[in-house]
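Close look at the chain arrangement
What follows is each chain in one-letter form.
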Amino acid sequence: MAKSFIARRHLHFQGSLMEEVAELSKGMDDLIDLSIGDPDFTTPAPILEAGYRDALAGYTHYSPGKGYPDVIGAVVGTYKNDLGIAIGPENVIIVASGDYASFMAGFATIDPGDEVLIPDPSFMCYRYHVSYAGGVPVMVPTSAADGWRFSAKEAEKYVTPKTKGLYICTPNNPTGACMHPEDMQAVYELAEKYDLLIYSDEIYTAFSYEVPFCSMLSIPGAAKRTVVINSLSKNYVATGARLGWIIAPPDIIGAIAQEGLNMVYSAPSISQRMAKFALTQGKPFMEPIMAEFKERMFKTAERINRIPHLHVPSPPPGTFYLFVDVRETGLSDYEFVLKTLKEAHVALVPGSDFGACGTGFVRICATVSLPKLMEACNRIESMKL
Ligand SMILES: Cc1ncc(COP(=O)(O)O)c(C=O)c1O
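Overview of the structure. Predicted, not measured: the structure shown is a model, and the values here were computed from it. (Residues numbered from 1 in each chain as written. Predicted model: local features only at pLDDT ≥ 70, side-chain atom pairs only at ≥ 80, totals over all residues. Heavy atoms only, no water.)

**Side note on the sheet that holds strand β2 (residues 92-95)**
Pairing in this open sheet of 7 strands is mixed, and the strands run β2-β8-β7-β6-β5-β3-β4 from one edge to the other. Each edge of the open sheet is held by one strand with a lone partner, namely β2 and β4 (136-141). Along the sheet, successive strands turn relative to each other by an average axial angle of 20°, direction set aside. As paired elements, strand β3 (residues 115-120) and strand β5 (residues 163-169) share 3 bridges and run parallel to each other. Paired with glutamate 115 across the strands is threonine 163, a residue of β5. Running over the sheet, helix α8 (residues 181-194) touches β5 and β6 (197-201) and is turned about 170° from β5. (Pairing = 2+ DSSP bridges. Helix = DSSP H or I, 4+ residues; strand = E, 2+ residues; numbered from the N terminus. Axes fitted to C-alpha atoms, helices over the stretch in contact; angles between N-to-C directions. Contact = heavy atoms within 4.5 Å.)

**Quick word on the packing of aromatic side chains**
To describe a pair of aromatic rings, one takes the distance between the centres and the angle between the planes. This structure, assessed with the given rule, holds 22 aromatic pairs. Taking the centre distance of 6.2 Å and the plane angle of 75° together, the rings of tyrosine 204 and phenylalanine 207 count as edge-to-face. Phenylalanine 207 sits in the buried class, given a relative accessible area of 0%. Joined through ring pairs, the aromatic side chains of Phe41, Tyr204, Phe207, Phe293, Phe320 and Tyr321 make up one cluster. Sitting above the plane of the tyrosine 59 ring, arginine 273 keeps its charged end 3.9 Å from the centroid. Here arginine 296 stacks its cationic end above the ring of phenylalanine 293, 5.3 Å away from the centre of that ring. (Phe/Tyr/Trp six-rings, centres within 6.5 Å; stacked < 30°, edge-to-face > 60°. Buried < 20%, exposed > 50% of the residue type's maximum accessible area, 1.4 Å probe, protein only. Lys NZ or Arg CZ within 6 Å of the ring centre and 35° of its normal.)

**Brief notes about the site of the ligand**
In the neighbourhood of the ligand, 14 residues make up the surrounding shell, with Asn173, Asp201, Tyr204, Ser231 and Ser233 lying closest. A distance of 2.7 Å separates an oxygen atom of the ligand from a polar backbone atom of glycine 98. The separation between a nitrogen atom of the ligand and a polar side-chain atom of aspartate 201 is 2.5 Å. For the ligand, the protein covers 93% of the area, taking 400 Å² as the surface of the free molecule. (Near = heavy atom within 4 Å. Polar contact = N/O pair within 3.5 Å; in protein donor to acceptor, adjacent residues only side chain to side chain. Areas by Shrake-Rupley, 256 points an atom, 1.4 Å probe, with all protein chains shown as cover.)

**Side note on the sheet that holds strand β9 (residues 321-325)**
Ordered by their spatial adjacency, 3 strands build an open sheet running β9-β12-β11, and the pairing between neighbours is antiparallel. The strands lining the two open edges of the sheet, one partner per strand, are β9 and β11 (349-350). The sheet contact formed by β11 and strand β12 (residues 361-365) spans 2 bridges and is antiparallel. If you follow valine 349 over to β12, its bridge partner there is arginine 363. Lying on the sheet, helix α11 (residues 283-305) is in contact with β9 and β12; it crosses β9 at an angle near 10°.

What follows is the structure, encoded as structure tokens:
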């Protein structure tokens, strides 16, 4: 066989360090895995039962391409009741996960050669979603010194005539940084000035500790140039449901719906039924889970700061991730992750996986119990740093 059948596009993609860490940790019986952003909680039973009940009642077929009207209604109701934001059903499409929402948002709006600004560090998939559409990801630095807050002023330095849009995510994975209303306003003004589309990832809305969560859609005028990405995964600890939604102007929703018909046709019907229950009646079941996440985050951040040479914002601003500064150890983030894996049997993710600005930092997921998080910290402390 003389040629590779793999698309050239794929050959350019680098493997992630996270995958390498997962490979190395195989077979460690006492491993504490703090590398994956998948909460340890099972989705609350009433949410699962709602999906089951509706499945028994016949919701086991394709749904309409944009999703069931009452699930779309639940998204509309959530933005209205929780955030005071008025959207209509024509602004919503239900899709198979937040990841897919981001991919579809890019695929429907980015032309080959378009540049898209992305915060550095941030969720690694954005770069791929832009590239899959033929676009060019352009990383905009953020820094620990500024609390990792995304700055429109900094982003402006990277705007060219080819810039089509920009991603924002609040609270941010991996840094936890929360955008404040004035940050969002500045992003909106930048987008207005250069006629940009804003891809606003709002997947961690329930995990904003520093400031109340602020949606891009709450900025007057922003809705006409904003594509919101959201999902059931984190706010309702339902990563396995693979259920998300997009809020955007109707023409963008139309383009996404058309493309979606040729990809998965519709989002999973049973997960949509879970989403309807979660969004309309699920909050009380999430309260104890959210309280536990907060306790884990706050106590683990305090504990980490008592380990020599490690630093992390305390109290943490948001999400269930702690982005720990390991520069003082003299190790690179990758070396630090290898060391904790080999010597402490604790799996972390190197910050550089999320962008060059994450170099020197490691991400810890508070997705295991507090005693396990404390045990992980004890093990890390007993390593020679
Ligand atoms: C910032 C961000 N956006 C989107 C996603 C995708 O989530 P899902 O596809 O599970 O909805 C993740 C997952 O970790 C994330 O961290």
